[in-house]
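Chain by chain, the residues run as shown.
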Protein chains: 2
Amino acid sequence: MEDQPSLCQVVMRNIKIILEYDGTLYCGWQRQANGTTIQQTLECVIQRITQEKVVIIGSGRTDAGVHALNQVANFLTSSSIECYNLMRGINSLLPDDIVVKGLSEVDDRFHARYSAKSKVYCYRICNSRVRTALLKNYSWHVYEVLDLSHMEEAIGLLIGTRDFSSFCGSNDDASDHVRTVMAVDIQKKRDDMIVVTIEADGFLRHMVRNIIGTLVDVGKRKLSVLGFTEIITALDRAKAGITAPPQGLFLKEVRY
Amino acid sequence: MEDQPSLCQVVMRNIKIILEYDGTLYCGWQRQANGTTIQQTLECVIQRITQEKVVIIGSGRTDAGVHALNQVANFLTSSSIECYNLMRGINSLLPDDIVVKGLSEVDDRFHARYSAKSKVYCYRICNSRVRTALLKNYSWHVYEVLDLSHMEEAIGLLIGTRDFSSFCGSNDDASDHVRTVMAVDIQKKRDDMIVVTIEADGFLRHMVRNIIGTLVDVGKRKLSVLGFTEIITALDRAKAGITAPPQGLFLKEVRY
């Protein structure tokens, strides 16, 4: 009899959500005092529906202006609203630049951040003589013709487990800068769009954008592939290129 | 001697421009008293640069929220600014959701509207269970699963020269509703994006959007392919489907 839960015990469900958002108008993922963020927009909406305080755990932060195709997050709730209805309810209250694409009940042990095995980011570079009007919020416009084969050679050098201090944002608070890059890819789409994809077990703050900024220097032939290797091994942020702007970056997938 | 132009005669150059714009924030192409339009934004900028009154002729109007990948326009100017510098100057003053992709001096007889042989529009339908956050301004979200083969069969029936009164906007001021549809295409991109392309020698007001609204009824199997034929021959706007929303529509090309 002792093993039976008492009737007044609250059963907390662990809910996993998959999100798409246009980061253009947000101050990033992470809740903050000034400015609207994705996290607090979601929390407000879910609280309205479940009628209880909720804390959403994201797989990681995205910066202001950065987009997500499949961000993953989870939260605990005592609400008994059926998953499909919960998803519909949340989507009906969310602004139209955020949407829940999937919602399911998962094991207690699932944690959007700690359970993640890897994350995949892609970055879009619009490499054309004139800027783009339609993709201004969804790509980085680079005027100079980029040498794709040099960029491909350079980005391949990132694969493996190493200290990525050279590509670490100045405000990064991680004590350990060792990460494992599992896969990289660079593709030309249409005439003028270059899409760089990077999968790693984790990313330092601004890591993708700092890699892209440096990679574009390689594409412009301002930096050799050897120079790129030297930057990786220097473990010094000051040696690398600029931080590429946020609007080209998309969190594409989180793998568990 | 009489044939020689006098030195004080003003030589007017006819300038052709190719434009890309994101129509989201504009009240369409056409200059109007209330609200910002693409045409007046361009005219203001060109007037600032050439220091003279200018009238821009577009290949045709686009509605509020409709985008252009390659809209064509022309204007006359006595300015002697070299084409490349003129384009750079205009782009430096235009807002970032409008860009001149090409600028050249053309024959006096070139008229962006009257010289056009055909126009190509494409329309993007996001056919997914949940709405899209990233493409909300660049597609029409349709929830119900669409039958592509039925839509393909129906759209093929539009090819040819006929009276398109059934797909004509209520405010259309064209006296003649006969147009020639030269080519149509329907493609599925990725999992959930349907792109419909229509080329015609001219389009009535709202014609593409009315065709798409009706075509989506065919895709939903609310309307048969035979029913679609009957709508074409009815010459009655009231028989056709809804006007699809503007944000899915792109003026892709103007052919001369």
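Given the structure is predicted, the values throughout are model-derived calculations rather than measurements.

A closer look at the relation of the copies chain A and chain B
One chain copy maps onto the other through a rotation about an axis and a shift parallel to that axis.
Then, number 1: Each copy superposes on the other: chain A lies on chain B with an RMSD of 0.0 Å after a rotation of 180° and an axial shift of 0.0 Å. On this basis, the relationship between the two copies can be described by a two-fold rotation axis. It is A:Leu135 whose C-alpha, among those of chain A, lies nearest the rotation axis, at 5.5 Å.
Then, number 2: Interface overlap between copies: 96% of the residues of chain A at the interface are likewise at the interface in chain B, consistent with a symmetric, same-surface contact.

Observations regarding helix α4 (residues 207–219) of chain B
Then, number 1: With 13 residues, α4(B) should reach 18 Å at 1.5 Å per residue; the first-to-last C-alpha distance of 18 Å fits that figure.
Then, number 2: Of the residues flanking the end of α4(B), it is B:Arg221, one or two places downstream, whose phi is positive at about 65°.

Notes on the pattern of salt bridges
Residue and element names in this part refer to chain A.
Then, number 1: The tally for this structure, following the rule as stated, stands at 25 salt bridges over all chains.
Then, number 2: The residue arginine 190 makes a salt bridge to aspartate 192 at a minimum N-O spacing of 2.8 Å.
Then, number 3: Residue classification places arginine 190 among the exposed residues on the basis of a relative accessible area of 58%.
Then, number 4: Arginine 255 is the partner of glutamate 199 in a salt bridge, and the nearest nitrogen-oxygen pair spans 2.8 Å. Placement of glutamate 199 in strand β9 (residues 193–200) and of arginine 255 in strand β10 (residues 249–255) is noted, with a sequence separation of 56 residues between them.
Then, number 5: Judged by its relative accessible area of 13%, glutamate 199 is buried.
Then, number 6: Each of Glu199, Glu253 and Arg255 takes part in one network of salt bridges that share partners.

A word on the pairing of strand β10 (residues 249–255) of chain B
Residues and elements named next belong to chain B.
Then, number 1: Two elements, strand β3 (residues 67–77) and β10, share two bridges in a ladder whose sense is parallel. Residue pairing in the sheet places histidine 67 in a bridge with phenylalanine 250 of β10.
Then, number 2: Where strand β5 (residues 118–126) meets β10, six bridges bridge the pair, whose relative direction is antiparallel. Within the sheet, the bridge partner assigned to serine 118 lies in β10 and is arginine 255.

Some remarks on the packing of aromatic side chains
All names here are of chain B.
Then, number 1: This model, assessed by the stated rule, comprises eleven aromatic pairs over all chains.
Then, number 2: Ring plane angle 85° and centroid distance 5.0 Å describe the contact between tyrosine 121 and phenylalanine 203, whose orientation is recorded as edge-to-face. Highlighted residues: tyrosine 121 in strand β5 and phenylalanine 203 in the loop between β9 (193–200) and α4, separated in sequence by 82 residues. Like tyrosine 121, the residue phenylalanine 203 is buried in the burial classification.

Quick notes on unusual backbone geometry
Then, number 1: Even without being glycine, A:Arg190 reaches a positive phi, approximately 50°.
Then, number 2: Relative to the helices and strands, A:Arg190 resides in the loop between β8 (178–189) and β9.
Then, number 3: In the Ramachandran plot, B:His206 falls in the positive-phi region, its phi being about 65° despite a non-glycine side chain.
Then, number 4: On the secondary structure map, B:His206 appears in the loop between β9 and α4.

Comments concerning the confidence of the model for chain A
Then, number 1: Per-residue confidence for chain A gives a mean pLDDT of 94; residues scoring 70 or more make up 96%.
Then, number 2: Quick note on the complex model: pTM equals 0.91, ipTM equals 0.88.

Examining the side chain of A:Thr214
Residue and element names in this part refer to chain A.
Then, number 1: Here threonine 214 lies in helix α4 (residues 207–219).
Then, number 2: Assessed through its relative accessible area of 0%, threonine 214 is described here as buried.
Then, number 3: In contact with threonine 214, other than residues within four places in its own chain, are Phe167, Leu223, Phe228, Ile231, Ala240, Gly241 and Ile242.

What about the interface of chain A and chain B?
Then, number 1: Opposite the 28 residues of chain A that make contact, chain B presents 27 residues.
Then, number 2: In terms of surface lost to chain B, no three residues of chain A exceed A:Arg131, A:Ala133 and A:Leu134, which account for 33% of the buried area on that side.
Then, number 3: Where chain A touches chain B, the interface holds zero salt bridges.
Then, number 4: Linking chain A with chain B are twelve residue pairs in polar contact (both at pLDDT 80 or more), by the criterion used here.
Then, number 5: Of all the elements in the fold, those that place two or more residues in the side of chain A that touches chain B are β1 (13–21), β3 (67–77), α2 (83–93) and β4 (98–106) of chain A.
Then, number 6: Ranked by residues supplied to the side of chain A that touches chain B, first place goes to β4(A) with four residues.
Then, number 7: Class assignment of the residues belonging to the side of chain A that touches chain B gives a composition of 17 nonpolar, three polar and eight charged.

Let's talk about the packing of helix α1 (residues 38–50) of chain B against helix α2 (residues 83–93) of chain B
Residues and elements named next belong to chain B.
Then, number 1: Viewed as axis vectors pointing N to C, α1 and α2 meet at an angle of 125°, and their least axial separation amounts to 9 Å. For the element pair α1 / α2, the angle class is oblique. In this structure, α1 meets α2 at a crossing whose hand is right-handed. Listed contacts from α2 to Val45, Ile46, Arg48, Ile49 and Thr50 of α1 are Leu86, Gly89, Ile90 and Leu93.
Then, number 2: Classifying every residue of the contact of α1 with α2 by side-chain character gives six nonpolar, two polar and one charged.

Some words on the environment of A:Tyr114
Then, number 1: In this structure, A:Tyr114 sits in the loop between β4 and β5 (118–126).
Then, number 2: For the pair formed by A:Tyr114 and A:Ser59, sequence separation is 55 residues and the distance between their alpha carbons is 7.7 Å.

How each quantity is defined
Residues numbered from 1 in each chain as written. Chains lettered and ligands numbered in written order. Predicted model: local features only at pLDDT ≥ 70, side-chain atom pairs only at ≥ 80, totals over all residues. Heavy atoms only, no water. Least-squares fit on C-alpha atoms with pLDDT ≥ 70 in both. Contact = heavy atoms within 4.5 Å. Helix = DSSP H or I, 4+ residues; strand = E, 2+ residues; numbered from the N terminus. Expected span 1.5 Å × (residues − 1). Salt bridge = Lys/Arg side-chain N within 4 Å of Asp/Glu carboxyl O. Buried < 20%, exposed > 50% of the residue type's maximum accessible area, 1.4 Å probe, protein only. Pairing = 2+ DSSP bridges. Phe/Tyr/Trp six-rings, centres within 6.5 Å; stacked < 30°, edge-to-face > 60°. pLDDT = per-residue confidence, 0-100. Buried area = accessible area lost by both parts, 1.4 Å probe. Polar contact = N/O pair within 3.5 Å; in protein donor to acceptor, adjacent residues only side chain to side chain. Nonpolar A, V, L, I, M, F, W, Y, C, P; charged D, E, K, R; others polar. Axes fitted to C-alpha atoms, helices over the stretch in contact; angles between N-to-C directions. Parallel < 35°, antiparallel > 145°, perpendicular 65-115°, else oblique. Left-handed = near helix turned anticlockwise from the far one by under 90°.

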